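Overview (structure and organization)
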Amino acid sequence: GDSVTQTEGLVTLTEGLPVMLNCTYQSTYSPFLFWYVQHLNEAPKLLLKSFTDNKRPEHQGFHATLHKSSSSFHLQKSSAQLSDSALYYCALREGQGTGSKLSFGKGAKLTVSP
Amino acid sequence: NAGVIQTPRHKVTGKGQEATLWCEPISGHSAVFWYRQTIVQGLEFLTYFRNQAPIDDSGMPKERFSAQMPNQSHSTLKIQSTQPQDSAVYLCASSLAPGGCAETLYFGSGTRLTVL
């Protein structure tokens, strides 16, 4: 079954509006969550990852908070920019230690228009 | 640092032919992952090596797909008797391992496989 669920497939926003991409997960072990971003014709790359000490990771204006009570790691940004148009994947480290794979959601395609 | 290198960038095969995809991980990285990317399914895990040993191949279609890592500098993904549904972008990623649960994956640009 799906370990990571991203509900939005396509998101279209006007520049300047807030961004929120949803991510929920199912995990038996203590979860590590990630957001990867893939711009057109580029490789996916890490955007940010969860911490174990309740810090809120931030990068390029994006932030996400791991909420274990609701099994969520939603990605947010206060003001969308044209350059934010890309594919965004939420990912979960499953299993324990380094013998575990990274499972990705189906992705959300964000398009920011002027 | 050249990053993860995947060759070829594009491959077109006829139905029933074999396709071999190559990946060179970042030097010093000991974990290599293979993923398949499609619009419908997103990034699907295929298989994972650590220190050249296969760790998890739970995502590999067993009958026609195989992966190897003969040395620390390259891995191959082979698809026998390719079918149109195998058409996808195949992504290779590497990471430092053991790096803990928060280790970052570094992806290559992928090989776009088209099966006619």
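You'll find the structure just up there.
Residues numbered from 1 in each chain as written. Chains lettered and ligands numbered in written order. Predicted model: local features only at pLDDT ≥ 70, side-chain atom pairs only at ≥ 80, totals over all residues. Heavy atoms only, no water.

**Observations concerning the overall build of chain A**
Looking only at helices and strands, chain A has zero helices and twelve strands in total. Starting at the N terminus, the α and β elements of chain A follow one another as β-β-β-β-β-β-β-β-β-β-β-β. Counting over 114 residues, chain A shows a buried share of 46%. Sequence separation of 24 or more characterises 56% of the internal contacts of chain A that already satisfy a separation of 6 or more. Accessible area of chain A: about 5,700 Å², with a carbon and sulfur share of 48%. (Helix = DSSP H or I, 4+ residues; strand = E, 2+ residues; numbered from the N terminus. Buried < 20%, exposed > 50% of the residue type's maximum accessible area, 1.4 Å probe, protein only. Contact = heavy atoms within 4.5 Å. Areas by Shrake-Rupley, 256 points an atom, 1.4 Å probe, with all protein chains shown as cover.)

**Structural notes on the environment of B:Arg112**
Residue and element names in this part refer to chain B. Following the sequence through the fold, arginine 112 ends up in strand S11 (residues 111-115). Take arginine 112: its relative accessible area is 47%, and that puts it in the partly exposed class. Once the C-alpha coordinates of arginine 112 and tyrosine 90 are considered, the two residues, 22 residues apart in sequence, prove to be 6.4 Å apart.

**Looking at the interface of chain B and chain A**
Frequently, the measure chosen for interface size is the accessible area removed from exposure when the parts meet. Counting from both sides, the interface comprises 25 residues of chain B and, opposite them, 20 residues of chain A. The contact between chain B and chain A buries some 1,900 Å² in all, and 56% of this surface belongs to carbon and sulfur atoms. Seen at the junction of chain B and chain A, the total is zero salt bridges. Our count for the contact surface shared by chain B and chain A stands at five residue pairs in polar contact (both at pLDDT 80 or more). Only strand S4 (31-38), strand S5 (42-50) and strand S6 (53-56) of chain B provide two or more residues apiece to the side of chain B that touches chain A. Of the residues contributing to the side of chain B that touches chain A, the split by class is 13 nonpolar, nine polar and three charged. (Buried area = accessible area lost by both parts, 1.4 Å probe. Salt bridge = Lys/Arg side-chain N within 4 Å of Asp/Glu carboxyl O. Polar contact = N/O pair within 3.5 Å; in protein donor to acceptor, adjacent residues only side chain to side chain. Nonpolar A, V, L, I, M, F, W, Y, C, P; charged D, E, K, R; others polar.)

**As for the state of the cysteines**
All names here are of chain B. One pass over the full model with this rule turns up two disulfides over all chains. Put simply, cysteine 23 and cysteine 92 are joined by a disulfide, and their sulfur atoms are 1.9 Å apart. Measuring handedness by torsion sign, the sulfur bridge of cysteine 23 and cysteine 92 sits at about -65 degrees and is left-handed. Of the two residues, cysteine 23 is situated in strand S3 (residues 19-24) and cysteine 92 in strand S9 (residues 88-95); the sequence distance between them amounts to 69 residues. Under the relative-accessibility criterion, cysteine 92 is labelled buried at 0%. (Disulfide = S-S within 2.5 Å.)

**Some points on the sheet that holds S3(B)**
Residues and elements named next belong to chain B. The antiparallel open sheet is built from four strands, whose spatial order is S1-S3-S8-S7. Two strands close off the open sheet at either side, each with one partner strand: strand S1 (5-7) and strand S7 (65-71). For this sheet the average axis-to-axis angle between neighbouring strands, irrespective of direction, equals 20 degrees. (Pairing = 2+ DSSP bridges. Axes fitted to C-alpha atoms, helices over the stretch in contact; angles between N-to-C directions.)

**A few points about the layout of surface pockets**
Over the atoms a probe the size of a water molecule is rolled, and this reveals where empty space is left. Of the pockets and cavities examined, the largest pocket occupies roughly 830 Å³. Residue lining of the largest pocket: 30 residues in total, with A:Gln38, A:Leu40, A:Leu87, B:Gln37 and B:Arg112 positioned closest to the centre. For the lining of the largest pocket, the secondary structure elements donating two or more residues are strand S10 (86-93) and strand S12 (108-113) of chain A together with S4, S9 and S11 of chain B. Here the residues of the lining of the largest pocket sort into eleven nonpolar, 14 polar and five charged. (1 Å grid on protein atoms, 1.4 Å probe; cavity = no way out; pocket = protein on both sides within 12 Å on 5 of 7 lines; lining within 4 Å. Points joined across faces, edges and corners; volume = space filled by probe spheres on them.)

**Topic: the sheet that holds strand S8 (residues 62-64) of chain A**
Residue and element names in this part refer to chain A. Spatially, four strands are ordered S3-S9-S8-S7 in an open sheet, and the strand pairing comes out antiparallel. On the outer flanks of this sheet lie strand S3 (19-21) and strand S7 (58-59), each paired with one strand and no other. Examined bridge by bridge, S8 and strand S9 (residues 75-77) share three bridges and lie antiparallel to one another. Opposite alanine 64, over in S9, you have leucine 75 as the bridge partner.

**Some remarks on the pattern of salt bridges**
All names here are of chain B. Counting across every chain of the model gives four salt bridges over all chains. Arginine 64 is the partner of aspartate 86 in a salt bridge, and the nearest nitrogen-oxygen pair spans 2.6 Å. Highlighted residues: aspartate 86 in the loop between strand S8 (74-79) and S9 and arginine 64 in the loop between S6 and S7, separated in sequence by 22 residues. The exposure class assigned to aspartate 86 is buried, which follows from its relative accessible area of 2%.

**Comments concerning unusual backbone geometry**
Residues and elements named next belong to chain B. A cis geometry characterises the amide bond from threonine 7 onward to proline 8, with omega recorded as -10 degrees. Note that proline 8 resides in the loop between S1 and strand S2 (10-13). Of note, the phi angle at serine 81 is positive, near 45 degrees, even though the residue is not glycine. Tracing the backbone shows serine 81 in the loop between S8 and S9.

Don't take any of this as a statement about function, it's just geometry.
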